Amino acid sequence: YSLAVSPCTGIVNLFNQENPFSIFPNPNNGTFKVHNNSGKETVLIITDGLGKQVLEHEINLGINEINTVQLAKGFYFYTLLGNNKKTKPSILVIE
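Note that this is a predicted model, so its numbers are computed, not measured.

*Asks:* What is the right way to look at the side chain of T87 in this model?
*Replies:* With respect to the helices and strands, T87 occurs in the loop between strand 7 (85–86) and strand 8 (90–94). For T87, the side chain forms a polar contact with the main-chain nitrogen of L80, separated by 2.9 Å.

*Asks:* Looking at this structure, how should I read the confidence of the model for the chain?
*Replies:* Low-confidence regions, as indicated by low pLDDT, have predicted coordinates that should not be scrutinised in detail. Of the residues in the chain, 80% reach a pLDDT of 70 or more, and the chain-wide mean stands at 85. Counting interchain partners and residues more than four positions distant, the pLDDT-below-50 stretch residues 11–16 has 15 contacts.

*Asks:* Can you walk me through the environment of I66 in this structure?
*Replies:* The residue I66 is located in strand 5 (residues 62–67) in this model. For I66, a relative accessible area of 0% gives the class buried. Through-space distance from the C-alpha of I66 to that of K33 is 5.8 Å; in sequence the pair is 33 residues apart. Not counting chain neighbours up to four residues away, the residues in contact with I66 comprise G30, T31, F32, V34, L44, L55, H57 and I59.

The rules behind the values
In this convention, every chain numbers its residues from 1, walking through the sequence in written order. Side-chain atom pairs in this predicted model are given and counted only at pLDDT of 80 or more, local residue features only at pLDDT of at least 70, and totals for whole chains, interfaces and linings cover all residues. Working from all heavy atoms in the structure, the side-chain values ignore hydrogens and water. Only DSSP runs of H or I reaching four residues or more are called helices, and only runs of E reaching two or more are called strands; each is numbered from the N terminus. The term polar contact refers here to a pair of N or O atoms within 3.5 Å; inside protein, the definition further demands a hydrogen-donor-capable atom paired with an acceptor-capable atom, and it admits residues adjacent in sequence only when both atoms are side-chain atoms. Along the chain, pLDDT gives the predictor's confidence residue by residue, from 0 to 100. Any two residues whose heavy atoms approach within 4.5 Å are treated as being in contact. For each residue, the accessible area found with a 1.4 Å probe, counting protein chains only, is set against the maximum for its type, and the residue is called buried under 20%, exposed over 50%, and partly exposed in between.

Here's what the structure looks like:
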């Protein structure tokens with residue numbers, strides 16, 4: 001019996017055609033990175049549990065550092081918008 005374990009944590013859908021973005025680390029302490037491998041600039045939208053938008057940030061190609069220390073610790077949702085497409089909301093944890 002063997003078990004394969006990946007050393008990566010906090011990666012959202014590894015780079016692929018459907019979702020060429022990764023967010024890490026997640027959970028985070030108020031600072032995290034978004035890697036945009038989509039070929040186009042996009043926008044990161046973070047909402048709270050009630051659906052209120054609490055942050056909007058332009059995401060350039062490559063790795064972008066996002067600072068959310070102004071947000072309270074807790075669970076948030078993020079969506080990426082670009083190229084007339086929107087990712088499904090995913091959970092972002094700030095510790």
